[in-house]
Amino acid sequence: MIVDNIILDISATVNGWNVTRKPGASVTVTDSGAAYGVRKWSYSMRGYEIPFKYMVASQYAALMAFFDLQGLDRGFLLWAVDGFYLLDESIGSGDGSTTTFQLGQTVSNGVTSFTRTIYHPVPTGTAVPPQYQGVGNPSSGNAFNTIKVNGVTKTEGTDYTIDASTGVVTFATAPGSGLAVTWSGWYYTPVRFTKDFEMNFNSIYGESTVDLMEIFYS
């Protein structure tokens, strides 16, 4: 599915957000009571119900314009309330020759683990919405990306670059063999509309919500 590199900050507050998780497996129960699971994807898919009543006029207008032009078949980037900042996340280990590393988040329950690919890091210097500052992340007015090799902070633009459309980090010089490479920074979640755009005007935007679902690229 195509994801446009358009960032919509569609809530002036995190109040009223309803976050869901669609499990990556389904379970069938036979007449005997035996349960059989079928895994479709490796980790849960995030869903968001965001009330219109907490949006300011410009946010609502941008959302409606995107839907009018793109509808259900294209996605956009969201500041997601349940995931937008990672600290010292491992993205690999140097081997002396590899210069590219993919941003990601390793999720583990102690038995199994999975690395969720981060395709859309927030570019350094981007203004962070006030509602996302100081909530488990640095109280900074602007986003930043910090790459460390063996615990030593590298300089963006000199030692490495980050592609904001793919999440690929490219080093000018390959990290040495066995040296840990980590990333700290903000990221967007790619989402899509799940249904038609509906609005209830019984009150100011009523109790209607915009319903979104995370997009998996593969």
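Up top you'll find the structure we're talking about.
This report concerns the structure included in the present document. In this text the structure is predicted, and so the values were computed from the model without any measurement.

**Examining helix α1 (residues 57–70)**
A rise of 1.5 Å per residue sets the reference length of α1, with its 14 residues, at 20 Å; its end C-alpha atoms lie 20 Å apart and thus fit the reference within 8%. Considered for burial, the residues of α1 that qualify are Q59, Y60, L63, F66 and F67. Taken down its axis, α1 places every buried residue within 130° of arc, on the same side. With respect to the buried face of α1, the exposed residues turned more than 90 degrees away are A57, S58, D68 and L69.

**Description of the side chain of E89**
Positionally, E89 belongs in strand β7 (residues 85–93). Put simply, E89 is tucked away with no salt bridge, and the nearest opposite charge, on R116, sits 9.5 Å away. Look past the residues within four positions of E89 in its chain and what remains in contact with it is G104, Q105, T106, V181, T182 and W183.

**Digging into the environment of Y217**
Along the chain, the position of Y217 falls in the segment after β17 (209–214). On the basis of relative accessible area, Y217 is assigned to the partly exposed category, the value being 31%. Separated by 151 residues in sequence, Y217 and F66 have C-alpha atoms that sit 20 Å apart. The contacts of Y217, once residues within four sequence positions are left out, are V3, Y119, H120 and P190. Polar side-chain contacts of Y217 include one of 2.6 Å to the side chain of H120.

**What about the pairing of strand β6 (residues 74–78)?**
Counting buried positions along β6 gives four out of five residues, so the element sits mostly inside the fold. When strand β1 (residues 2–8) meets β6, the two strands line up parallel, connected through four bridges. Looking across to β6, one finds that V3 is bridged to G75. Here β6 runs beside strand β16 (residues 189–193); their pairing, made up of three bridges, is antiparallel. Its bridge partner being in β16, F76 is matched across the sheet by V191.

**Considering the sheet that holds strand β14 (residues 168–171)**
Across the sheet, which stays open at both edges, the three strands sit in the order β8-β14-β13 with antiparallel pairing between neighbours. In this open sheet, the two edge strands, each paired with only one partner strand, are β8 (100–102) and β13 (160–162). Recorded for the sheet is a direction-independent mean angle of 20° between the axes of neighbouring strands. Of the pairings in the sheet, the one linking β13 to β14 comprises three bridges and is antiparallel in character. Within the sheet, the bridge partner assigned to I162 lies in β14 and is V169.

**Quick word on the packing of aromatic side chains**
One pair of aromatic rings is described through two measures. These are the centre distance and the angle between the planes. Tallying each qualifying case throughout the model produces 14 aromatic pairs. When the centroid spacing of 6.3 Å and the interplanar angle of 35° are considered together, the rings of F66 and F193 count as tilted. Taken together, the positions of F66 in helix α1 and F193 in strand β16 put the pair 127 residues apart, joining distant regions of the chain. Exposure class is identical for F66 and F193. Each is buried. Among the aromatic residues, ring-to-ring pairing joins F66, F67, F76 and F193 into one connected group.

**Focus: the nonpolar core**
Counting 30 residues, the largest nonpolar core has I10, I50, L63, L78, V210 and L212 as its most contacted members. When residues of this core are traced back to their parent elements, those giving at least two are β1, β5 (45–51), α1, β6, β16 and β17. For this core, the leading source of residues is α1, giving four residues. The contact partners of V210, leaving out residues within four places of it in the chain, are I10, Y48, E49, I50, F52, M55, L63 and F193. If you look at the next biggest cluster of nonpolar residues, it comprises 14 residues, including I91, L103, I147 and Y160.

**Observations regarding the side chain of T189**
For T189, the location among the structural elements is in strand β16. In this structure T189 touches Y48, F76, L77, L78, A80, G83, R116 and E214, once residues within four positions along its chain are discounted.

**Some details on unusual backbone geometry**
Here D88, not a glycine, exhibits a phi torsion of approximately 50°, which is positive. Checked against the element boundaries, D88 lands in strand β7. We note that N150 has phi near 55°; this positive angle belongs to a residue other than glycine. Topologically, N150 is positioned in the loop between β11 (145–149) and β12 (152–153).

Conventions and cut-offs
- Residues numbered from 1 in each chain as written.
- Predicted model: local features only at pLDDT ≥ 70, side-chain atom pairs only at ≥ 80, totals over all residues.
- Heavy atoms only, no water.
- Helix = DSSP H or I, 4+ residues; strand = E, 2+ residues; numbered from the N terminus.
- Expected span 1.5 Å × (residues − 1).
- Buried < 20%, exposed > 50% of the residue type's maximum accessible area, 1.4 Å probe, protein only.
- Arc of directions from axis to C-beta.
- Lys, Arg positive; Asp, Glu negative; His and termini not counted.
- Salt bridge = Lys/Arg side-chain N within 4 Å of Asp/Glu carboxyl O.
- Contact = heavy atoms within 4.5 Å.
- Polar contact = N/O pair within 3.5 Å; in protein donor to acceptor, adjacent residues only side chain to side chain.
- Pairing = 2+ DSSP bridges.
- Axes fitted to C-alpha atoms, helices over the stretch in contact; angles between N-to-C directions.
- Phe/Tyr/Trp six-rings, centres within 6.5 Å; stacked < 30°, edge-to-face > 60°.
- Core = buried A, V, L, I, M, F, W, Y, C linked by side-chain atoms within 4.5 Å.

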